[in-house]
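The primary structure of each chain is shown beneath.
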Amino acid sequence: MSETISPFRWYLIVGRDAPDAAAARAHARPAHLARLQGLLEAHRLKVAGPLPRIDGMSPAEGGVSGSAIVAAFADLAAARAWADADPYVEAGVYASVEISPFLPVLP
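Okay, so let's go over this structure. (Residues numbered from 1 in each chain as written. Predicted model: local features only at pLDDT ≥ 70, side-chain atom pairs only at ≥ 80, totals over all residues. Heavy atoms only, no water.)

A few points about the pairing of strand β1 (residues 9-17)
Residues in a regular strand project their side chains so that they alternate between the two faces of the sheet. Bridge count for β1 against strand β3 (residues 64-73) is eight bridges, and the pairing is antiparallel. Residue pairing in the sheet places Trp 10 in a bridge with Ala 72 of β3. (Pairing = 2+ DSSP bridges. Helix = DSSP H or I, 4+ residues; strand = E, 2+ residues; numbered from the N terminus.)

Observations regarding unusual backbone geometry
A cis amide bond links Leu 106 with the next residue in sequence, Pro 107, at an omega value of -10°. Positionally, Pro 107 belongs in the segment after β4 (94-101). Phi at Asp 20 takes a positive value of approximately 60°, unusual for a residue other than glycine. Tracing the backbone shows Asp 20 in the loop between β1 and α1 (22-41). The exposure class assigned to Asp 20 is exposed, which follows from its relative accessible area of 83%. Even without being a glycine, His 43 presents a positive backbone phi close to 60°. Tracing the backbone shows His 43 in the loop between α1 and β2 (45-52). (Buried < 20%, exposed > 50% of the residue type's maximum accessible area, 1.4 Å probe, protein only.)

Examining the sheet that holds β2
The four strands lie next to each other as β2-β3-β1-β4, forming an open sheet whose pairing is antiparallel. What marks the edges here is a single partner per strand, and that holds for β2 and β4. Averaged over all adjacent pairs, the angle separating strand axes in this sheet is 15°, with direction ignored. Looking at chain direction, β2 and β3 are connected through seven bridges and run antiparallel. Residue Ala 48 lies in a different strand from β3, and its bridge partner there is Ile 69. Along the sheet face, α1 touches β1, β2, β3 and β4 and points at about 20° away from the line of β3. Each of β1, β3 and β4 touches helix α3 (residues 76-84); the most contacted strand, β4, lies at about 160° to it. (Axes fitted to C-alpha atoms, helices over the stretch in contact; angles between N-to-C directions. Contact = heavy atoms within 4.5 Å.)

What to know about the packing of aromatic side chains
Taken as a whole and judged by the stated rule, the model has two aromatic pairs. Residues Phe 73 and Trp 82 carry aromatic rings whose centres are separated by 5.7 Å and whose planes lie at 50° to one another, so their mutual orientation is tilted. The residues Phe 73 and Trp 82 share a single accessibility class, namely buried. An angle of 90° between the planes, with centres 5.6 Å apart, marks the rings of Tyr 88 and Tyr 94 as edge-to-face. Sitting over the face of the ring of Trp 82, Arg 35 holds its NZ or CZ atom 4.1 Å from the ring centroid. (Phe/Tyr/Trp six-rings, centres within 6.5 Å; stacked < 30°, edge-to-face > 60°. Lys NZ or Arg CZ within 6 Å of the ring centre and 35° of its normal.)

Printed below as a string of structure tokens:
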């Protein structure tokens, strides 16, 4: 049985929130989630979610320091282009965005 090689590779995208980004985050969240839904429907999203500011507290209670996304793209440039067009970037939510190749091992 031959294994099919995917044209996509996994990337970790970590966006770090700018100070006082909560209002901008709330405003841009529906558009941000819609883009993630597109990746999910294309089977290119492994995981995505906020980074709670305080351990053990929900983001609604303690705030958010950023977001993490593990998704599949053709290459690093495609991952960067996708991240650069994120509604959170356009709304000024993220102060910085780091993208790294990611190699899922488990599960």
